[in-house]
Amino acid sequence: MRALCHLVAASAAALAAPAPAAPPTEAFLPDTTPVQLEAGKADTRVGELIFRGGVEIAPDKANIGGISALEWHDGTLFAVTDEGRWMELTPGEIAGRLVDISEVRLGTLQGANGESLAGKALGDAEALTRLPSGEWLVAFEQDHRLLRYADLTDRATGKDPRADGLIAAFNPGERNEGIETLAAYPGGVLACAERVDPARPNCLRVTEAGPRAFHLPAPDGIAEAGGVPTDAACTAGGTCYVLLRSFTQGQGNRAAVIALAPDDTATTLAVLVPPLLLDNFEGLAVRAEPGRTFLYLVSDDNDRNNCARTKAPTCQRTLLYKFEIAPPSAGPVAPAPAAFAAAPVARPGVRPHPEAASVAVVLETALGPVTITLETARAPVTAANFLRYVDEKRLDGTTFYRAMDLGGARQPSGLVQGGARGDPKRALPPIAHEPTSQTGLTHTHGAVSMAMNAPGTATGDFFVMVEDQTGFDADLQASDPAWAAGYAVFGYVTGGMDIIAAILAAPRDAEAGEGVMKGQMIAKPVTILTARRAAPAP
C-alpha cells in the first residue's frame with residue numbers, strides 16, 4: 001500500500017453534459033443555549049480534561065444535526081453530516097470559554113461530477129480530515145469510498161487514490177462497518193472503524209514506513225458498554241486524540257478520549273459517563289496552541305431524532321463542548337516566542353496612517369525586544385506621556401503583568417497589559433483622554449493603548465492588542481459614556497509581536513487579581529528591563 005501522506009494526481013474525465021448548478025450555501029445565526037457538563041460547576045475536570053464551556057444547538061430552520069466528524073482550521077470548526085452536508089461553525093468564546101456559535105454555514109456535499117450527495121444512500125459522510133496539502137478528505141459509509149475536496153463548498157476533485165487500499169484494509173462487510181475515523185498530519189494518516197473484536201484490528205496508521213494495523217481497546221468505564229472509535233484529530237507531531245463512544249439502553253451515552261502517541265502507545269485522558277450531561281458524541285477536533293491544547297467534541301443527534309422535535313426517551317441533542325487538556329502536574333510552561341515565530345500572530349501591527357510623524361521605542365523584555373512606533377502626530381498628548389516615562393526611565397524594571405483572552409476568528413486573541421502598575425513612585429499625573437474618534441487610530445492587531453479606570457485617569461499603564469479588537473474604539477453611539485469614549489490608542493507594535501503572543505500565552509495565577517481581572521494576572525510577570533528611544537535609522 002502506498003504511504004497515505006503522498007498525494008497522487010488524478011485526471012478528471014471531460015463531462016459530456018453541462019455541469020449541474022452548485023447547491024446553495026446557507027449562512028445564519030443558530031439558536032443555541034449554554035450548557036454545563038456538570039450542573040452548577042463551570043470548570044469540571046474529568047481525568048485530564050477540563051471543561052471550558054459548551055452549547056446545545058437547536059435543529060433550527062436548517063435542520064442542523066447528524067454531525068459525524070469535526071475538524072479545527074483557521075479559527076473555525078468544520079464538520080460533515082451523515083446525510084451528505086458540510087458545515088462550518090464559528091465558535092463564540094469569551095475569556096477562552098465557549099458560550100455561543102456566532103455563525104453557521106452549511107451546504108450539500110457534491111460528487112466529482114457536481115452531483116448532490118444529499119441523503120443517506122450516497123451522503124453518509126462519517127469522517128473528515130484536512131490534509132497537509134490543504135485538501136479535505138471525506139470518508140463515506142454505506143457506499144464505502146473516500147473523496148478529496150479542494151474546498152468543501154465545491155465538487156469533489158475525484159476519488160482519493162488511497163481509497164481502495166484503505167477500505168480493503170478494513171474489509172467492511174456491512175454498510176456501517178467502514179471508515180469512521182480519519183485524521184491526517186504531516187507524514188501520516190490515522191484511520192479507524194467501529195469495531196470491538198481484537199481479532200479484527202480497528203485502527204490503521206500509515207506513515208512513510210508503511211501501514212501499521214492495530215487494535216485500540218476501549219478503556220474501563222466504556223469498554224463494558226461496547227466503546228468504539230468514532231473520530232480523531234492529530235497534532236503536527238503525530239500525536240492523535242481519539243474519541244470513543246457507546247450507548248447502552250437504560251444507561252445512556254458514554255464517551256472517552258485517548259491520546260495516541262506516534263508509536264501508538266495509548267493514554268486515557270478521560271472517560272465521560274452519566275450523570276454528566278452527555279449525548280451521542282461522534283466528532284472531535286484538536287486546537288493546538290503554544291503551551292495549551294484544546295479539544296472540541298460534538299454529538300450526533302441522528303438528525304430526525306432531536307429532542308426539540310420529539311420527546312421520545314431515546315431523543316438526542318446536538319451538543320458542542322470545549323475541553324482543555326490539563327497541563328502537567330508541574331504546572332503549565334510558558335511558551336517561548338520562537339513557538340509563535342511562524343504563526344500569523346507574529347506579524348507586526350500596521351499603522352493606519354504611515355505618513356504621520358512617529359517615534360520608535362524599544363522595550364527590552366526578559367523574552368526579547370519589542371518595538372513600539374508611537375503616533376506622535378496623531379495622538380500627541382498620549383504619545384508624549386509615554387515618551388516621558390521612557391526618557392525618565394520610569395518603565396525600567398516594570399513588567400507585563402496581565403493577560404486576557406478574547407474571542408474572534410483568529411486565535412490566540414486578546415490583550416497583554418504592562419507598565420507602572422499604579423506604583424506611586426513611578427506614576428506621573430493623569431493625562432487628558434484622546435479618543436480614537438479624534439486621532440483616527442484603531443485597536444487593530446498590535447495597537448498599543450492606555451489602561452485607565454475612566455477617561456482622563458490614564459497614567460503609566462498600557463496594553464497591547466493581539467488580533468483586532470476594535471470594540472475598544474470610541475463608539476459615539478454608545479449609551480455608556482465609558483464606551484462612547486473608548487480607549488486611547490497611541491502606537492503600534494512594529495516588531496516583536498511573537499513576544500507579545502508568548503506573554504499572552506504565559507501561565508496565569510487563578511487566584512490573583514480582583515473583580516473582572518481575577519485569574520488574568522500572569523504567574524511570573526515578564527520584566528521590562530529597559531525602555532529607550534530606538535536609534536535613528538542609518
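This text goes with the structure placed above it.
Residues numbered from 1 in each chain as written. Predicted model: local features only at pLDDT ≥ 70, side-chain atom pairs only at ≥ 80, totals over all residues. Heavy atoms only, no water.

### Remarks on the overall build of the protein
Here comes step 1: Counting its regular elements, the protein contains six helices and 32 strands.
Here comes step 2: A compact globule built from 538 residues should have a C-alpha radius of gyration of about 24 Å, and the protein, at 26 Å, falls within 12% of that.
Here comes step 3: Counting only C-alpha atoms and orienting by the principal axes, one finds that the protein spans roughly 80 × 55 × 50 Å.
Here comes step 4: Split into buried and exposed, the 538 residues of the protein put 53% on the buried side.
Here comes step 5: Counting only contacts in the protein whose residues sit at least 6 apart along the sequence, the fraction spanning at least 24 positions is 60%.
Here comes step 6: Of the roughly 22,100 Å² of accessible surface on the protein, a fraction of 54% belongs to carbon and sulfur atoms.
Here comes step 7: Of the charged side chains in the protein, 45 are positive and 62 negative, and the gap between their average positions amounts to 4 Å. (Helix = DSSP H or I, 4+ residues; strand = E, 2+ residues; numbered from the N terminus. Rg over C-alpha atoms; globule rule 2.2 N^0.38 Å. Buried < 20%, exposed > 50% of the residue type's maximum accessible area, 1.4 Å probe, protein only. Contact = heavy atoms within 4.5 Å. Areas by Shrake-Rupley, 256 points an atom, 1.4 Å probe, with all protein chains shown as cover. Lys, Arg positive; Asp, Glu negative; His and termini not counted. Charge placed at Lys NZ, Arg CZ, Asp CG, Glu CD.)

### Observations regarding the packing of aromatic side chains
Here comes step 1: Under the definition given, this model contains 14 aromatic pairs.
Here comes step 2: Between the aromatic rings of Phe51 and Phe323, the centroid separation amounts to 5.6 Å while the plane-to-plane angle is 65°, which identifies the pairing as edge-to-face. Within this pair, whereas Phe51 is found in strand β4 (residues 49–57), its partner Phe323 is found in strand β23 (residues 318–325), the two being separated by 272 residues in sequence. For the pair Phe51 and Phe323, a shared accessibility class is recorded, and that class is buried.
Here comes step 3: Three or more aromatic residues joined by ring pairs form one cluster here, namely Phe51, Phe281, Tyr321 and Phe323.
Here comes step 4: Sitting above the plane of the Trp136 ring, Arg130 keeps its charged end 5.8 Å from the centroid.
Here comes step 5: A cation over a ring is seen here: Arg145 above Phe140, with NZ or CZ 4.3 Å from the ring centre. (Phe/Tyr/Trp six-rings, centres within 6.5 Å; stacked < 30°, edge-to-face > 60°. Lys NZ or Arg CZ within 6 Å of the ring centre and 35° of its normal.)

### Considering the sheet that holds strand β17 (residues 228–234)
The strands that make up a sheet are held in pairs by hydrogen bonds between backbone atoms, and each pair lies either parallel or antiparallel.
Here comes step 1: Taken in spatial order, the four strands line up as β17-β18-β19-β20 in an open sheet, and their pairing is antiparallel. Bordering the open sheet on either side are β17 and β20 (266–272), each of which pairs with just one other strand. Taken pair by pair, the neighbouring strands of this sheet meet at an average axis angle of 20°, ignoring direction.
Here comes step 2: Sheet analysis places strand β18 (residues 240–248) next to strand β19 (residues 252–260), joined by nine bridges and oriented antiparallel. The residue of β19 that forms the bridge with Leu243 is Val257. (Pairing = 2+ DSSP bridges. Axes fitted to C-alpha atoms, helices over the stretch in contact; angles between N-to-C directions.)

### Notes on the nonpolar core
Here comes step 1: Counting 51 residues, the largest nonpolar core has Leu363, Phe386, Phe400, Phe462 and Ile500 as its most contacted members.
Here comes step 2: The biggest single contributor to this core is helix α6 (residues 497–504), with seven residues.
Here comes step 3: Those residues in contact with Phe386, other than ones at most four positions away along the chain, are Val361, Ile372, Leu374, Leu395, Phe462 and Phe490.
Here comes step 4: Counting residues in each nonpolar core, the second largest holds 25 residues, with Leu37, Leu297, Leu319 and Phe323 among its members. (Core = buried A, V, L, I, M, F, W, Y, C linked by side-chain atoms within 4.5 Å.)

### As for the sheet that holds strand β9 (residues 125–130)
Here comes step 1: Here we have four strands laid out as an open sheet, ordered β9-β10-β11-β12, and antiparallel in their pairing. Each edge of the open sheet is held by one strand with a lone partner, namely β9 and β12 (158–159).
Here comes step 2: Bridge count for strand β11 (residues 145–149) against β12 is two bridges, and the pairing is antiparallel. Bridge assignment links Arg148 to a residue of β12, and that residue is Gly158.

### Re the environment of Gln36
Here comes step 1: Locating Gln36 in the fold gives a position in the loop between β2 (32–35) and β3 (45–46).
Here comes step 2: Overall, the relative accessible area of 36% leaves Gln36 in the partly exposed class.
Here comes step 3: Put simply, Gln36 and Lys61 are 25 residues apart on the chain and 25 Å apart in space, counted from C-alpha to C-alpha.
Here comes step 4: Setting aside chain neighbours within four positions, we find Gln36 in contact with Lys41, Ala42, Phe51, Leu277 and Tyr321.
Here comes step 5: A polar contact is formed between the side chain of Gln36 and the backbone nitrogen of Gly40, at a distance of 2.9 Å. (Polar contact = N/O pair within 3.5 Å; in protein donor to acceptor, adjacent residues only side chain to side chain.)

### Some words on the pattern of salt bridges
Here comes step 1: Per the counting criterion, the structure on display carries 29 salt bridges.
Here comes step 2: Asp264 is the partner of Arg212 in a salt bridge, and the nearest nitrogen-oxygen pair spans 2.7 Å. Of the two residues, Arg212 is situated in strand β16 (residues 210–214) and Asp264 in the loop between β19 and β20; the sequence distance between them amounts to 52 residues.
Here comes step 3: Given the relative accessible area of 14%, Asp264 is considered buried.
Here comes step 4: Between Arg532 and Asp396 there is a salt bridge; the shortest N-O distance is 2.9 Å. You can see Arg532 sitting in strand β32 (residues 521–533) and its partner Asp396 sitting in the loop between α3 (380–391) and β26 (399–405), a full 136 residues away along the chain.
Here comes step 5: Classification of Arg532 as partly exposed rests on a relative accessible area of 31%.
Here comes step 6: If you follow the salt bridges from partner to partner, you end up with Asp43, Arg52, Arg97, Arg292, Glu324, Asp405 and Arg508 in one network. (Salt bridge = Lys/Arg side-chain N within 4 Å of Asp/Glu carboxyl O.)

### Quick word on unusual backbone geometry
Here comes step 1: In this model, Pro274 is joined to Pro275 through a cis peptide bond whose omega is 15°.
Here comes step 2: Its location among the elements puts Pro275 in the loop between β20 and β21 (281–289).
Here comes step 3: Positive phi, close to 55°, is recorded for Asp74, a residue that is not glycine.
Here comes step 4: Mapped onto the secondary structure, Asp74 falls in the loop between β5 (67–73) and β6 (76–81).
Here comes step 5: Residue class for Asp74 comes out exposed when judged on its relative accessible area of 57%.
Here comes step 6: In this model, Glu467 sits at a positive phi of 70°, which is unusual for a non-glycine residue.
Here comes step 7: Along the chain, Glu467 falls in the loop between β29 (461–466) and α5 (481–485).
Here comes step 8: Assessed through its relative accessible area of 6%, Glu467 is described here as buried.

Geometric values such as these leave the question of function open.
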